[in-house]
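# Observations on the three-dimensional arrangement
This is what each chain is made of:
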Amino acid sequence: MEPAGKRLVGVVKWFDEKKGYGYITAITQDEKKVDYFAHWKNIISTHKFKKLKEGWTVSFEPADSEKGQLATDIRLISINDDYQVTVMKKFFSE
């Protein structure tokens, strides 16, 4: 478990847009690879939609939940494919 308030950087493992959840994989301070549950309600975004795509790099705050490790305060760091870069440029230019 990571200390409270400690942000981690991870990569989106998968995210189901219809169901609104998926997983982010991160390396913890003790160098363990851990999957964190990501729910759309925990994604910080200025856009109407809150979704993630496989391969995107995000930062988040880890938390414990009844069902395991949870990613909260999820923020996009980078988009790792050309299509998504084009989509994001469109939204930022509006």
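These remarks concern the structure in this document.

### Focus: the pairing of strand 2 (residues 21-27)
Looking at chain direction, strand 1 (residues 8-16) and strand 2 are connected through six bridges and run antiparallel. Bridge pairing links Trp-14 to Tyr-23 in strand 2. As consecutive antiparallel partners, strand 1 and strand 2 are separated by four residues, and within that stretch Gly-20 has a phi angle of approximately 80 degrees, a positive value. In this structure, strand 2 lies alongside strand 3 (residues 33-39), joined through seven bridges in antiparallel fashion.

### Here we look at the sheet that holds strand 1
Strands sit in the order 1-2-3-5-4 around a closed barrel of five strands; the barrel is mixed. Looking at each pair of strands side by side, their axes are set apart by 50 degrees on average, direction ignored. Two strands pair when backbone bridges link them, and strand 3 and strand 5 (residues 68-78) are joined in this way by two bridges, in the parallel orientation. Directly across from Phe-37, in strand 5, lies its bridge partner Leu-70.

### Points about the nonpolar core
The biggest cluster of nonpolar side chains holds 15 residues, and the ones touching the most others in it are Val-12, Ile-24, Tyr-36, Leu-52, Val-58, Phe-60 and Ile-74. Where this core is concerned, the elements lending two or more residues are strand 1, strand 2, strand 3, strand 4 (57-65) and strand 5. Among all residues touching Val-58, those that are not within four sequence positions of it are Leu-8, Val-9, Gly-10, Val-12, Ile-24, Leu-52, Ile-74, Arg-75, Leu-76 and Ile-77.

### A word on the pattern of salt bridges
For the structure shown, the criterion picks out six salt bridges. The partner of Arg-7 in a salt bridge is Glu-61, and the shortest N-O contact between them spans 3.7 Å. Of this pair, Arg-7 sits in the segment before strand 1 while Glu-61 sits in strand 4, placing them 54 residues apart in sequence. The partly exposed category is assigned to Arg-7, whose relative accessible area is 29%. Exposure remark for Glu-61: the relative accessible area of 26% places this residue in the partly exposed category. Of the charged contacts in the structure, one is a salt bridge between Asp-73 and Arg-75, with a shortest N-O distance of 3.0 Å. Residue classification places Asp-73 among the partly exposed residues on the basis of a relative accessible area of 22%. Residue Arg-75 is classed as partly exposed on the basis of its relative accessible area, which comes to 38%. Taken together, the shared-partner salt bridges connect Arg-7, Glu-61, Asp-73 and Arg-75 into one network.

### Side note on the packing of aromatic side chains
Taken as a whole and judged by the stated rule, the model has five aromatic pairs. Each member of the aromatic cluster is reached from another via a ring pair, and the members are Trp-14, Tyr-21, Tyr-23 and Phe-37.

What counts and what doesn't
- Residues numbered from 1 in each chain as written.
- Predicted model: local features only at pLDDT ≥ 70, side-chain atom pairs only at ≥ 80, totals over all residues.
- Heavy atoms only, no water.
- Pairing = 2+ DSSP bridges.
- Helix = DSSP H or I, 4+ residues; strand = E, 2+ residues; numbered from the N terminus.
- Axes fitted to C-alpha atoms, helices over the stretch in contact; angles between N-to-C directions.
- Core = buried A, V, L, I, M, F, W, Y, C linked by side-chain atoms within 4.5 Å.
- Buried < 20%, exposed > 50% of the residue type's maximum accessible area, 1.4 Å probe, protein only.
- Contact = heavy atoms within 4.5 Å.
- Salt bridge = Lys/Arg side-chain N within 4 Å of Asp/Glu carboxyl O.
- Phe/Tyr/Trp six-rings, centres within 6.5 Å; stacked < 30°, edge-to-face > 60°.

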